[in-house]
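One letter stands for each residue in the lines below.
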Amino acid sequence: AASAMGRTVNNMIRSFGAKREAARSETRRREGKPPPAPEPEKIRPSNEVFSKGCYFLGKVVWGKGFNELLQRVEEHNGTDAGATHPLKLDVYGNGEDFDDVTKKSKQKNLPLRFKGRMDHASDAMHDYKVFINPSLSDVVATTTAEALAMGKYVICAKH
């Protein structure tokens, strides 16, 4: 019964126009000769240039984690590491709390640059290396998926 089934499958494959090129490799394996090894990939250094650092893109509302973001930037920049390598962040977007977030950032003297609305597909976004999503409520954020698809590193809250 198994050989009849095998013939039926082979006939179906032939009727769909598939070619049987695997016969040689099957023969080689039976003869004890392994198939030729594939060429290893050549590792090349990246030619990507990220002239800008970190950015946020989305609605500027407190509910998207801006309290936490301002607090973390302030904490980092207050350390020895932050003194030599301060976290500077470009913020793209607007929202109900835009004025309040901007005001609080300026009061704390944080290096956040608020740049207004922007789309991820914009050419201006290609030079950034790290996307920061401070939201504690977004489980699957579209902007995070877009950043990952663009090859960015993503920093987000652990849910």
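Remember, it's a predicted structure, so these values are computed and weren't measured experimentally.

Undergrad: Let's hear about unusual backbone geometry: which residues, and what values?
TA: Even without being a glycine, Asn109 presents a positive backbone phi close to 55°. Positionally, Asn109 belongs in the loop between helix H5 (98-107) and strand E3 (112-114). Owing to a relative accessible area of 68%, Asn109 belongs among the exposed residues under this scheme.

Undergrad: Explain helix H6 (residues 142-149) to me, using residue names and the numbers behind them.
TA: Along H6, the residues classified as buried are Thr143, Thr144 and Ala147. Around the axis of H6, the buried residues are gathered within 100° of arc, so they sit on the same side. Facing away from the buried side of H6, by more than 90 degrees, are the exposed residues Thr142, Leu148 and Ala149. Its buried side turned inward, H6 meets strand E1 (52-57), strand E4 (128-133) and strand E5 (153-156). Just downstream of H6, Gly151 is the residue with a positive phi angle, here 85°.

What counts, and where the lines are drawn
Residues numbered from 1 in each chain as written. Predicted model: local features only at pLDDT ≥ 70, side-chain atom pairs only at ≥ 80, totals over all residues. Heavy atoms only, no water. Helix = DSSP H or I, 4+ residues; strand = E, 2+ residues; numbered from the N terminus. Buried < 20%, exposed > 50% of the residue type's maximum accessible area, 1.4 Å probe, protein only. Arc of directions from axis to C-beta. Contact = heavy atoms within 4.5 Å.

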